[in-house]
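Secondary and tertiary structure notes
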Amino acid sequence: MTYYLLPTSSPLPPHFLRVDPFLRPRIDNGSAYPPFGRNPDGTEAEPAEWQKRLDKINWDGLVLDVELMKEAASKLVGDHDFRNFCKIDAPKQLSTHRRTVISATIDPVEGEGPNVFVFNLRGAQLYNQVRHIVAMLFMIGARLESPDTIGKLLWTSDRSPQTIDMHAPASDETREILDRKPGYGMADDLPLVLWQWGYNSSELAWRTDNAPREGDVAYQSATEEELALAAKQALDPVETFKREFLELNQIWTEQRLKSIIVRHHLHALATHAPAPPEPSSSPSRKKPLVYTPHGAGQYFKSSGHVPMMRRQRADLPEEINRKWAEGRGAVKMARRAANQEQADALRVINLARREEARRLAEESEEKHGFGSWGTKGVALSTPLRKLSSPNESVGA
């Protein structure tokens, strides 16, 4: 599962202007922090003059329509060709960009107020797929694109039956087959978190310490000297957890303090909001600038928005793969071929080492009645010596 934090308000949302206990000064900050919020009797206080000026500033484009974004996110669910929502990963030489999205939702972040949401995506992903999707959701939330743009970008020559069922054009609509990705920037990577990845539980066992586990080849094939050394260096799982927790808590505390300080500065700056310009009798010929959110508080500023379907297109994925294979890829493959003989020899040595470890483990079990040389709670920190040839014994 991957998630992306989405602040959806303007730089200063309405609740910031009037009532926000988090920003209410707790010490005397002078005239930079005039009182605002509620009167002693609980009624809403009259906004100060600077609050009225701030409220008249046009934040269009930076205030996102969350409902439109939710509608667009729902159109991503299913088996689709996501070539127009990723960066083509030429070294992998993918023949298809079909992936299955199990769920795609925009949910409020608990404890972070009414203006912070998270985009949760569950399913297989391509290179930079989430950042491309979020960039598109930002444009839709800013009302620069329609939620139907999602279906148009998924309408490729490799579209799935589910894509046809979900995004089929109307009877009177001519739908372009979009095999070449329109140009648009990715969302910022700061709020992006790969939170959970699924593996077969029978193949992997996650650990938070270096304690040994039955069946570990490294422990079963260790010498008595190595086990004795490891016993002295075994880590206390409680102390390990406390150290990791305190390190992470330190990072969180530092960032939280920085956030508090910057928000107070932001509040102080807000008190200097300029008055709106006087209305002119003659209409202005100057077009207003278009602001498009980019994630993490960043934004694009332009003189106008170019609709997605009218933008310049990239090369076909097949062409991008071909150019890489004939250029940098050819050099890489030549280097790999030159090293293949050495890699094959190393593979033979590793296989022999693994087989020898199994044999020693079986002998240990027959001799002592259990594996790991009769030891419990011992962790290795010294790596085993590599074999120089397939015929050399581990214990030699």
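Residues numbered from 1 in each chain as written. Predicted model: local features only at pLDDT ≥ 70, side-chain atom pairs only at ≥ 80, totals over all residues. Heavy atoms only, no water.

A short note on the overall build of the chain
To keep it simple, the criterion reads: To qualify as a helix, a DSSP run of H or I must reach at least 4 residues; to qualify as a strand, a run of E must reach at least 2; elements of each kind are numbered from the N terminus. The buried label applies to any residue whose accessible area, calculated with a 1.4 Å probe on protein chains only, is under 20% of its type's maximum; exposed applies above 50%, and partly exposed to all values in between. The contact definition used throughout considers only heavy atoms, calling two residues in contact when any of these lie within 4.5 Å. Each accessible area is a Shrake-Rupley estimate made with a 1.4 Å probe; only the visible protein chains count as cover when residues are assessed.
Counting its regular elements, the chain contains 11 helices and 7 strands. Taken over 396 residues, the chain has a buried fraction of 33%. Long-range pairs, those at least 24 residues apart, make up 72% of the contacts in the chain between residues at least 6 apart in sequence. Accessible area of the chain: about 25,300 Å², with a carbon and sulfur share of 54%.

Description of the pattern of salt bridges
Pairs can form between side chains of opposite charge once their charged atoms are near each other. Formally: What counts as a salt bridge is simple: a side-chain nitrogen of Lys or Arg found within 4 Å of a carboxyl oxygen of Asp or Glu.
For the coordinates displayed, the defined rule picks out 18 salt bridges. Its salt-bridge partner being Glu-239, residue Lys-242 comes within 3.6 Å of it at the nearest N-O pair. Highlighted residues: Lys-242 and Glu-239, both in helix 9 (residues 237-270), separated by 3 residues, approximately one helical turn. Relative accessible area serves as the criterion here: at 42%, Glu-239 is assigned to the partly exposed category. One network of salt bridges, with partners in common, ties together Asp-79, Arg-98 and Asp-158.

Points about helix 3 (residues 66-74)
The condition that has to hold: The directions from the helix axis to the C-beta atoms form the arc being described. Polar contact is defined as a pair of N or O atoms within 3.5 Å, subject to the rule that within protein one atom must be able to donate a hydrogen and the other to accept it, and that residues adjacent in sequence are counted only when both atoms are side-chain atoms.
Restricting attention to buried positions, one finds in helix 3 the residues Val-66, Met-69, Ala-72 and Ala-73. Looking straight down helix 3, one finds that the buried residues subtend no more than 120° of arc, so they occupy a single side. For helix 3, the side-chain oxygen to backbone nitrogen distance between the N-cap and Glu-67 is 3.1 Å, and the N-cap itself is Asp-65.

With respect to the environment of Tyr-127
Mapped onto the fold, Tyr-127 is located in the loop between strand 4 (116-123) and helix 4 (129-141). Look at Tyr-127 and you get partly exposed, because its relative accessible area is 41%. Excluding anything up to four places from it in sequence, Tyr-127 contacts Cys-86, Lys-87 and Asp-89.

A few points about unusual backbone geometry
The residue Arg-143 is not glycine, and still its phi comes out positive at about 65°. Inspection of the secondary structure puts Arg-143 in the loop between helix 4 and helix 5 (148-154). Here the phi dihedral of Ala-296 falls at roughly 60°; this positive angle occurs in a residue that is not glycine. Structurally, the position occupied by Ala-296 is in the loop between strand 6 (290-295) and strand 7 (298-302). Overall, the relative accessible area of 32% leaves Ala-296 in the partly exposed class.

Quick look at the side chain of Lys-181
We apply this condition: In summary, the charge assignment counts Lys and Arg as positive and Asp and Glu as negative, without counting His or the chain termini.
Topologically, Lys-181 is positioned in the loop between helix 6 (161-167) and strand 5 (192-194). Here Lys-181 is buried and forms no salt bridge, its nearest opposite-charge partner Asp-81 lying at an N-O distance of 12 Å. Here Cys-86 takes part through its backbone oxygen, which lies 3.3 Å from a polar atom of the side chain of Lys-181.

As for the nonpolar core
Heads up, the condition is: Within this scheme, the nonpolar core is defined by two criteria: the residues are buried Ala, Val, Leu, Ile, Met, Phe, Trp, Tyr or Cys, and they are joined through side-chain atoms within 4.5 Å.
In this structure, Leu-76, Phe-85, Ile-106, Phe-119, Met-136, Leu-137 and Ile-150 are the most contacted members of the largest nonpolar core, which totals 34 residues. When residues of this core are traced back to their parent elements, those giving at least two are helix 3, strand 3 (98-108), strand 4, helix 4 and helix 5. When residues no more than four places from it in sequence are discounted, the contact partners of Met-136 are Phe-85, Thr-149, Ile-150, Leu-153, Tyr-184 and Met-308.

Overview of the layout of surface pockets
Empty space among the atoms becomes apparent when a probe as large as a water molecule is rolled across them. This is how the line gets drawn: In this analysis a 1.4 Å probe is tested at points of a 1 Å grid over the protein atoms alone, and where it fits but cannot get out there is a cavity; an open set with protein on both sides within 12 Å along at least five of seven lines is a pocket; lining residues have an atom within 4 Å of a point. Grid points are joined across faces, edges and corners, and a volume is the space filled by probe spheres set on the points. Polar here means any residue other than Ala, Val, Leu, Ile, Met, Phe, Trp, Tyr, Cys and Pro, which are nonpolar, and Asp, Glu, Lys and Arg, which are charged; Gly is therefore polar.
Counted as a void, the second largest pocket has a volume near 340 Å³. Split by residue class, the lining of the second largest pocket holds 7 nonpolar, 3 polar and 3 charged.

What to know about the packing of aromatic side chains
Cut-off, in case you're wondering: Working definition: a ring pair exists when centres of Phe, Tyr or Trp rings (six-membered ring for Trp) sit within 6.5 Å. Plane angles under 30 degrees give stacked, over 60 give edge-to-face, the rest tilted. Here, a charge over a ring is recorded when the distance from Lys NZ or Arg CZ to the ring centre is within 6 Å and its angle to the ring normal is within 35 degrees.
Enumeration according to the criterion identifies 3 aromatic pairs in this entry. Seen in terms of ring centroids, Tyr-291 and Tyr-299 are 5.4 Å apart; in terms of plane orientation they differ by 55°. Their pairing is tilted. Geometry around Trp-155 places Arg-175 over its ring, the cationic atom sitting 5.1 Å from the centre.

Some remarks on the confidence of the model for the chain
The test is simple: The predictor rates its confidence in each residue with pLDDT, a number between 0 and 100.
Averaged over all residues, the pLDDT of the chain equals 79, while 74% of them reach at least 70. Within the model, pLDDT remains below 50 along residues 10-36, and this stretch shows 51 contacts once partners closer than five positions in the same chain are excluded.

Some remarks on a nonpolar patch on the surface
For the record, the criterion: Like-charged residues within 9 Å of one another, or nonpolar side chains (Val, Leu, Ile, Met, Phe, Trp, Tyr) within 5 Å, are grouped into patches, provided each residue has over 30% relative accessible area and no salt bridge.
On the surface, a nonpolar cluster with roughly 660 Å² of combined accessible area is contributed by Leu-194, Trp-197, Tyr-199, Leu-204 and Trp-206. Tracing the backbone through its elements, the reader meets Tyr-199 in the loop between strand 5 and helix 7 (217-220).

Let's talk about the packing of helix 3 against helix 4
The cut-off we apply is this: Angles here are taken between N-to-C directions and fall from 0 to 180 degrees, while the axes themselves are lines fitted to C-alpha atoms, restricted in helices to the stretch in contact. In these notes the angle categories are as follows: under 35 degrees is roughly parallel, over 145 is roughly antiparallel, 65 to 115 is roughly perpendicular, and the rest is oblique. In this scheme, a crossing is called left-handed if the near helix is turned counterclockwise away from the far one by less than a right angle; it is called right-handed if the turn is clockwise.
Close contact between helix 3 and helix 4 brings their axes to 8 Å; oriented N to C, the two are set at 140°. When the axes of helix 3 and helix 4 are compared, the pair comes out oblique. The way helix 3 lies across helix 4 gives a crossing that is right-handed. Counting all contacts with helix 3, which are made through Leu-68, Met-69, Ala-72 and Ala-73, the residues of helix 4 involved are Leu-137, Phe-138, Ile-140 and Gly-141. Counted by class, the contact of helix 3 with helix 4 contains 7 nonpolar, 1 polar and no charged residues.

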